[in-house]
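Given next are the chains, with one letter for each unit.
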Amino acid sequence: MELEQKYNALIQEAQRRQLPDVDGIGLCFQTLSLAAAIDRDCARLLAPHGLSEGRFVLLFLLDATTDGLAPNVLAERAGVSRATVTGLLDGLEREALIERVADDNDRRALRIHLTRKGRQTAKKVFDQHGRWIAGLFGNLDSNERRQLTALLDKVAGNLPR
């Protein structure tokens, strides 16, 4: 995999300074470059549907329920602030993918539901997204996938909690 130019420059500087474990530095930058490439490709696939990663997550969560969800529940499940969810919902509502409906049990509270267009978009995007993810790891057999998982977990264990 080709590293981003900034990482190549940092590796060259690390070599010049004779820092310890330049190979480890290279692995870190390779991982970051791969993650950035995956993010860019994901954004490219979602953009034609008017979706960002955040909007996609909300569609996914809403598609899993028939009764809708309260905005605070969506925020908690998506791991974002309530203010962030409000902005994401505003965008989804402008695209007519969701509707805000008064809660049957508490008229002061809202529940968020997918519209028919939202359900159609969700199905289309989920199918496409599933194929895309399968393609990312499609050339790894089950042993390689387990090995990659174990190695990523091992590296993650070195991060502060």
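Procedures and definitions
- Residues numbered from 1 in each chain as written.
- Predicted model: local features only at pLDDT ≥ 70, side-chain atom pairs only at ≥ 80, totals over all residues.
- Heavy atoms only, no water.
- Core = buried A, V, L, I, M, F, W, Y, C linked by side-chain atoms within 4.5 Å.
- Buried < 20%, exposed > 50% of the residue type's maximum accessible area, 1.4 Å probe, protein only.
- Helix = DSSP H or I, 4+ residues; strand = E, 2+ residues; numbered from the N terminus.
- Contact = heavy atoms within 4.5 Å.
- Polar contact = N/O pair within 3.5 Å; in protein donor to acceptor, adjacent residues only side chain to side chain.
- Salt bridge = Lys/Arg side-chain N within 4 Å of Asp/Glu carboxyl O.
- Axes fitted to C-alpha atoms, helices over the stretch in contact; angles between N-to-C directions.
- Parallel < 35°, antiparallel > 145°, perpendicular 65-115°, else oblique.
- Nonpolar A, V, L, I, M, F, W, Y, C, P; charged D, E, K, R; others polar.

1. A short note on the nonpolar core
Consideration 1: Leu74, Leu89 and Leu92 are the most contacted members of the largest nonpolar core, which totals 24 residues.
Consideration 2: Top element by residues in this core is helix H3 (residues 53-63). It accounts for 5 residues.
Consideration 3: Apart from residues no more than four positions distant in its own chain, leucine 89 is found in contact with Leu58, Pro71, Leu74, Ile98, Arg100 and Ile112.
Consideration 4: Core analysis: the second largest hydrophobic core is formed by 6 residues, Leu3, Ile11, Ala14 and Val22 among them.

2. Concerning the environment of aspartate 141
Consideration 1: Following the sequence through the fold, aspartate 141 ends up in the loop between helix H6 (116-137) and helix H7 (142-156).
Consideration 2: Judged by its relative accessible area of 42%, aspartate 141 falls in the partly exposed class.
Consideration 3: Between the C-alpha atoms of aspartate 141 and arginine 40, which are 101 residues apart in sequence, the distance is 25 Å.
Consideration 4: Within the structure, aspartate 141 has its side chain in polar contact with the backbone nitrogen of glutamate 144 (distance 2.8 Å).

3. Some points on the pattern of salt bridges
Consideration 1: What the rule picks out here adds up to 10 salt bridges.
Consideration 2: The salt bridge involving glutamate 13 is made with arginine 16; its shortest N-O contact spans 2.6 Å. Here arginine 16 and glutamate 13 lie together in helix H1 (residues 5-16), a separation of 3 residues that amounts to about one turn.
Consideration 3: Measuring nitrogen to oxygen at the nearest pair gives 3.7 Å for the salt bridge that ties arginine 111 to aspartate 103.
Consideration 4: On the accessibility criterion, arginine 111 (23% relative accessible area) is partly exposed.
Consideration 5: Residue class for aspartate 103 comes out buried when judged on its relative accessible area of 13%.
Consideration 6: Each of Glu4, Lys6 and Arg40 takes part in one network of salt bridges that share partners.

4. Examining H3
Consideration 1: All buried positions along H3 are accounted for by Arg55, Phe56, Leu58, Leu59, Leu61 and Leu62.
Consideration 2: Where H3 is buried, its residues touch helix H2 (22-46), helix H4 (71-78), helix H5 (82-94), strand S1 (98-102), strand S2 (110-114) and H6.

5. Some details on the packing of H3 against H5
Consideration 1: Put simply, H3 and H5 touch, their axes get as near as 10 Å, and they point 80 degrees apart. When the axis of H3 is compared with that of H5, the two are roughly perpendicular. Where H3 approaches H5, its residues Gly54, Arg55, Leu58 and Leu59 are matched on the opposing element by Val85, Leu88, Leu89, Gly91, Leu92 and Arg94.
Consideration 2: Its residues placed into classes, the contact of H3 with H5 shows 6 nonpolar, 2 polar and 2 charged.

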